[in-house]
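Residue-level listing of the chains:
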Number of protein chains: 2
Amino acid sequence: MQIAVLLYQGFTTLDAVGPYELLARLPGAETVFVAKEAGPVRNDQGSLALVADKALAEVPRPDIVLVPGGPDSRAAMDDPEIQAWLRTADETSTWTTSVCTGSLILAAAGVLDGRRATTHWLAHEELRALGVEPTGERVVFDGKYVTAAGVSSGIDMALHLLGRIGGDETAQTIQLLTEYDPQPPYDAGSPDKAPAEIVARWRGVKAEDLPQGR
Amino acid sequence: MQIAVLLYQGFTTLDAVGPYELLARLPGAETVFVAKEAGPVRNDQGSLALVADKALAEVPRPDIVLVPGGPDSRAAMDDPEIQAWLRTADETSTWTTSVCTGSLILAAAGVLDGRRATTHWLAHEELRALGVEPTGERVVFDGKYVTAAGVSSGIDMALHLLGRIGGDETAQTIQLLTEYDPQPPYDAGSPDKAPAEIVARWRGVKAEDLPQGR
């Protein structure tokens, strides 16, 4: 079971690392971070680089493809090499997955055509413009395509996937070992729940104008 | 407001990246990943390296110190250079924080003496052996010392901290932008909630014998 996590300049770190932390604990899994070229890839905030151990060409047939989002997801949507890799990898993948605006990158590659999918709540229009109707759900399964909403939702996606792949007990064990027993002190994690004035302030702000990723 | 995230060989990635993703969005914050030497630092699972942009000596007085845990936390507990940096940084820090077994590293440095603190549920005995009585809470504030339980709990810690530093609206805004509206498909994230047979299987397993971090 090979899991490939795609990195590109400007990715959002938790989009990649949240599901990675859980999925990579799957017994027998081999996880590899990939990018156009092997080496450090800087994130959206500019304050952290993750190392891609392999170039895309070295990992042509992963079992799971994981695409993080980022405010600069356009860079990956418009990149012919990344798009070609996604299309090819998707031909043989068992699961093709994304977090946040990673679904825009998959949609740009055409692999979500006619599928149910989700994305960051601020990117619904962008997903729609790519011909994919966003759902309001946090994690969406449609066949082998699994998409998650904004940033932190990839952790929930990973638990769902672990259950499907390894069974409930494997998923529960990994939830226990990562102590994923969320107790946020606020209940503002979705536009339905956050104070209306905060939601209103952010609605309509373009991705590239967000101060620090999303 | 300078935030320093400590990296060392064998750290657990989500311990560092979970709170980083939220804290670094604090308006005016500058975040820097630090290690004994600048450069890539490999994690506990071996499949990912994060780049430390600065060496410890270059970041002597961060406002927030964040120490992730790892199954190899002993490496940081026994490292004189890391321990000396922690003690010095703690002298001027506004907040000294840890996630998971990061509290063992702080305890080894002596900065948690007489404090309330927490750690990963499997490391309570180890914390106690260092003279710090663990609480069963997910996030513990004691003055400027903030410790979180296992791995994913650092995200909750970050939200608490954001509220204290930037106020409720700042914390809620960052919760909304990272869509932290947890919906795990299982309720197995703590030893009180997970199936008893899974908990029993892991209790008493030593950190270094865990298959893939914790």
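The rules behind each value
Residues numbered from 1 in each chain as written. Chains lettered and ligands numbered in written order. Predicted model: local features only at pLDDT ≥ 70, side-chain atom pairs only at ≥ 80, totals over all residues. Heavy atoms only, no water. Phe/Tyr/Trp six-rings, centres within 6.5 Å; stacked < 30°, edge-to-face > 60°. Helix = DSSP H or I, 4+ residues; strand = E, 2+ residues; numbered from the N terminus. Buried < 20%, exposed > 50% of the residue type's maximum accessible area, 1.4 Å probe, protein only. Expected span 1.5 Å × (residues − 1). Contact = heavy atoms within 4.5 Å. Buried area = accessible area lost by both parts, 1.4 Å probe. Salt bridge = Lys/Arg side-chain N within 4 Å of Asp/Glu carboxyl O. Polar contact = N/O pair within 3.5 Å; in protein donor to acceptor, adjacent residues only side chain to side chain.

Draft legend 1. Seen up close, the packing of aromatic side chains. Residue and element names in this part refer to chain A. Under the definition given, this model contains 4 aromatic pairs over all chains. Residues W95 and F141 carry aromatic rings whose centres are separated by 5.8 Å and whose planes lie at 90° to one another, so their mutual orientation is edge-to-face. Separated by 46 residues along the polypeptide, W95 in strand 7 (residues 95-99) and F141 in strand 8 (residues 139-142) bring together distant segments of the chain. Here W95 and F141 have matching classes, each one buried.

Draft legend 2. Geometry of helix 6 (residues 153-166) of chain A. All names here are of chain A. With 14 residues, helix 6 extends 20 Å between its outermost C-alpha atoms, agreeing within 8% with the 20 Å of an ideal straight helix rising 1.5 Å per residue. Of all 14 residues making up helix 6, 10 are buried, and the element is well covered by its neighbours. For helix 6, the set of buried residues is S153, G154, I155, D156, M157, A158, L159, L161, L162 and G163. Looking one or two places after helix 6, you find G167, whose phi comes out positive at around 95°.

Draft legend 3. Just the interface of chain A and chain B, in detail. Between chain A and chain B, the contact holds 70 residues from the first and 70 residues from the second. Between chain A and chain B lies a buried interface of about 6,100 Å² when both sides are counted; carbon and sulfur atoms form 56% of it. Interface area lost by chain A to chain B is led by L176, E179 and Y186 of chain A, which between them contribute 13%. Seen at the junction of chain A and chain B, the total is 6 salt bridges. The salt bridge partner of E169 of chain B is R201 of chain A, with a shortest N-O separation of 3.0 Å. The tally of links between chain A and chain B comes to 46 residue pairs in polar contact (both at pLDDT 80 or more). Going through the elements one at a time, helix 1 (13-23), strand 2 (30-35), strand 3 (39-42), strand 4 (49-52), helix 6, helix 7 (168-177) and helix 8 (196-202) of chain A are the ones with two or more residues in the side of chain A that touches chain B. It is helix 7 of chain A that contributes the most residues to the side of chain A that touches chain B, 8 residues altogether.

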